[in-house]
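Residues per chain, in single letters:
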Amino acid sequence: MTIASERVATPAAERPFTPEWLGQVFSKGLLHVAVIGITLVWIVPTLGLLVSSFRPLDQFSSSGWWTALSPPFKFTLDNYTGVLDASNLGQSFFNSFMITIPATVIPVTIAAFAAYAFSWMKFWGRDMFFLALVGLLAVPLQATFVPILTTFVNLGLTPENVGFVGLWLVHTGYGLPFAIYLLANFFRALPTDLFESAEIDGAGTLTVFFRIVLPLSVPAIASLIIFQFLWIWNDYLVALVYVGGTPEVAPLTVTLANLVGSKGQDYQLLTAAAFFSMIVPLIVFFSLQRYFVRGILAGSVKG
Amino acid sequence: MASVTYDHVVKRYTADLTVVKDFNVEIKDKEFMVLVGPSGCGKSTALRMLAGLESISEGQIRIGERVVNDVAAKDRDIAMVFQSYALYPHMSVYDNMAFPLQMQHMKKPDIDKRVKNASRILGLDNFLQRKPRALSGGQRQRVALGRAIVRNPKVFLLDEPLSNLDAKLRGQTRIELQKLHRDLETTFIYVTHDQVEAMTMGDRIAIMNAGILQQVGTPGDIYDHPANLFVAGFIGSPTMNFVPATAQNGSAKAAGFEVKLPKSLPAGKKGTLGFRPEAVTDRVTDEGNALQMKVDVVERLGSDQFLYGQVGGDSVTARVDPRMKVDPGDTVKLGLDTRSLHFFDSETELALL
Ligand SMILES: Nc1ncnc2c1ncn2[C@@H]1O[C@H](COP(=O)(O)OP(=O)(O)O)[C@@H](O)[C@H]1O
Ligand SMILES: [Mg+2]
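Summary of the structure given here. Note that the coordinates shown come from a computational prediction; the quantities given were computed from them, not determined experimentally.

Considering the overall build of chain A
Inference 1: Scanning chain A for helices and strands turns up 15 helices and zero strands.
Inference 2: Across chain A, the fraction of contacts at a sequence separation of at least 24, relative to all contacts at a separation of at least 6, is 73%.

If you want it as structure tokens, here you go:
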């Protein structure tokens, strides 16, 4: 903050071979080893999957994927062509988008408004409601299937009547507690002075939301969009339960899982299928990752 | 342009937490009023009640003739400069200054004229398209001022606007703010914990302590006639010397010396004798007002020389002629200017002379 304290803070790192310098180099090295180690541990299974997806079936079922990394090399695209040939992949992609985009946009939009109210508006029972909402994070989603499905059927919100709407609704419900929690924490950390200044400047509640809160929260909202998008894109269970597995409505996850025959034949296709389903999440992630990294830091480190 | 009146104003957060107590002050039109006091004494709260950011628990605040207790902040025709500047980080300097005008639905060309005018006054012409993070502390501070100026408010409120600047810039900005006040011909209310800022900038100063207004007056008035022990100790640097003393016939007796008082006090009255370091001189004109000081530390500043030492066991600071030759450990004989003596009642701490 002050100029003086900055000056005091720097020098140790720049003077080589002092005990402080060695300590810093050592702890930095340790940090790198730890980070690389963790990354490797997480990457290895994915790498195995990638290698396996290019192996012929006979190899695939008789030896570990790492054996493919040494000669003789035997790779094939059979698994990928198998997936492409298999069935209505185009329809599944379309369904996945039809499910994921509204089921991301709706809860994030609602959450932004709700989080603003929870963090910067005064109303009766605010903290109580917030606590109750956060408590919902603990409810296991599987426990909600039967009551919600019963209600949907009673209300006529079945896939035959309303298409994906029911699915959008449940994804909204499942996503909101975390979404509101994340955004409210972020909004709350914005400096009070900004809101007071805006109040004196004559900005109303909605103006403050659209012209100050939203632009300053782009990182948090981008992170939330990524989370929600990935969760729904990769969702298998909820989609299967609420809209079923018929090809006209099944998202990519369900269709790909159906590639495996009922007796478990063709299970090698799953490796290629997994990479297929990863394409879109990767695109989303890399296009927003700039904000994602900032968003994660934004809560803990100010600025 | 308007006067501001605090009329028996109270701020209470909870039943037993009252941070501003029976606050009464009248700030004149176009006056530069400084509200000063130690940190946590309730200055900001007093200002924020005027701004409309805090509710008023009791009493009335008036801007001009209008009671503003129930008027929304935006309709009070005031502008506030925050200690943190509170600039909108995602907006350019131009948009920061235009924002309050856009909120008033002013026409674009008018906004442009006002923003350009303010940026010219403040020397921000070349930075209008920058974001606040690309500005220095001093420039940010000026943007905050600009955002207040464009609104052409009746009253300017400033809450410690200089405390985030380094010492040199603070000195410059102090002068610029005074110039601005003169040019704008508007009422300024300025909150600070720094008595130097208060003394140098204020037309008048209001001193607060623990939520209670202690004294209101011109800097000179307060310096020469502090109303109580707190004000006497708060204003002036180095601080006033305080020595326990007892009043006698026309004089006051301390542990190490006795001085004639300009005014007679009831004999036997116990209290604190106060005198500023500059009231102690190296010229002894009257043997009756002399004191022997054992010097511990000598501080030569070129234009001044400060002696820190003991007089009869009480710590005393003296500001003497820089040419006087003194070394630590010496015992020197010093005179006391009786015209600037203060005597504070030991119970009420009020000034008795
Ligand atoms: N919202 C609040 N609730 C309770 N106490 C508060 C609140 N805001 C300020 N205070 C207290 O009121 C006192 C005065 O605060 P403030 O006016 O900010 O002091 P100053 O500006 O003189 O440093 C402080 O003791 C502070 O802790
Ligand atoms: Mg304050």
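Considerations on the sheet that holds strand 14 (residues 270-275) of chain B
Residues and elements named next belong to chain B.
Inference 1: The strand order 13-12-11-14-20 describes an open sheet built from five strands, whose pairing is antiparallel. Two strands bound the open sheet, and with one partner strand each, they are strand 13 (258-260) and strand 20 (341-345). Within the sheet, the average angular offset between the axes of one strand and its neighbour, ignoring direction, is 40°.
Inference 2: By the bridge criterion, six bridges tie strand 11 (residues 241-248) to strand 14 in an arrangement that is antiparallel. By the bridge assignment, phenylalanine 242 is partnered in strand 14 with glycine 274.

Description of the site of ligand 1
Residues and elements named next belong to chain B.
Inference 1: As a structural note, the neighbourhood of ligand 1 is formed by Tyr13, Leu17, Val19, Pro38, Ser39, Gly40, Cys41, Gly42, Lys43, Ser44 and Thr45.
Inference 2: In this structure, lysine 43 approaches ligand 1 through a main-chain N or O atom, which is 2.9 Å from an oxygen atom.
Inference 3: Relative to its unbound accessible area of 570 Å², ligand 1 is 57% covered by the protein chains.
Inference 4: Counting residues per element, the ones that place at least two in the shell around ligand 1 are strand 2 (17-27) and helix 1 (43-51).
Inference 5: Looking at which element gives the most residues to the shell around ligand 1, the answer is helix 1, with three residues.
Inference 6: Residue composition of the shell around ligand 1, grouped by class: five nonpolar, five polar and one charged.

Details of the sheet that holds strand 18 (residues 314-320) of chain B
By definition, the strands of a sheet pair up through backbone hydrogen bonds, in either a parallel or an antiparallel sense.
Inference 1: In space, the five strands of this open sheet follow the order 15-19-16-17-18 (chain B), with antiparallel pairing throughout. In the strand order of this sheet, the two ends are held by strand 15 (280-281) and strand 18 of chain B, each with one partner.

A few points about the interface of chain A and chain B
Inference 1: With 16 residues of chain A in contact, the opposing surface of chain B contributes 23 residues.
Inference 2: Applying the counting criterion to the chain A and chain B interface returns two salt bridges.
Inference 3: Across the pair A:Asp201 and B:Arg151 runs a salt bridge, and its minimum N-O distance is 3.8 Å.
Inference 4: Between the two partners, chain A and chain B, sit eight residue pairs in polar contact (both at pLDDT 80 or more).
Inference 5: Residue assignment for the side of chain A that touches chain B shows that the elements contributing at least two residues are helix 10 (192-201) and helix 11 (205-216) of chain A.

Quick word on the packing of aromatic side chains
Each aromatic ring pair is characterised by the separation of its centres together with the angle its planes make.
Inference 1: With the rule as written, the count across this model stands at 24 aromatic pairs over all chains.
Inference 2: The residue whose ring lies beneath A:Arg188 is A:Phe130, and the NZ or CZ to ring-centre distance is 4.9 Å.
Inference 3: In this arrangement the basic side chain of B:Arg147 is found over the ring face of B:Tyr88, its NZ or CZ atom lying 4.7 Å from the centre.

The rules behind each value
Residues numbered from 1 in each chain as written. Chains lettered and ligands numbered in written order. Predicted model: local features only at pLDDT ≥ 70, side-chain atom pairs only at ≥ 80, totals over all residues. Heavy atoms only, no water. Helix = DSSP H or I, 4+ residues; strand = E, 2+ residues; numbered from the N terminus. Contact = heavy atoms within 4.5 Å. Pairing = 2+ DSSP bridges. Axes fitted to C-alpha atoms, helices over the stretch in contact; angles between N-to-C directions. Near = heavy atom within 4 Å. Polar contact = N/O pair within 3.5 Å; in protein donor to acceptor, adjacent residues only side chain to side chain. Areas by Shrake-Rupley, 256 points an atom, 1.4 Å probe, with all protein chains shown as cover. Nonpolar A, V, L, I, M, F, W, Y, C, P; charged D, E, K, R; others polar. Salt bridge = Lys/Arg side-chain N within 4 Å of Asp/Glu carboxyl O. Phe/Tyr/Trp six-rings, centres within 6.5 Å; stacked < 30°, edge-to-face > 60°. Lys NZ or Arg CZ within 6 Å of the ring centre and 35° of its normal.

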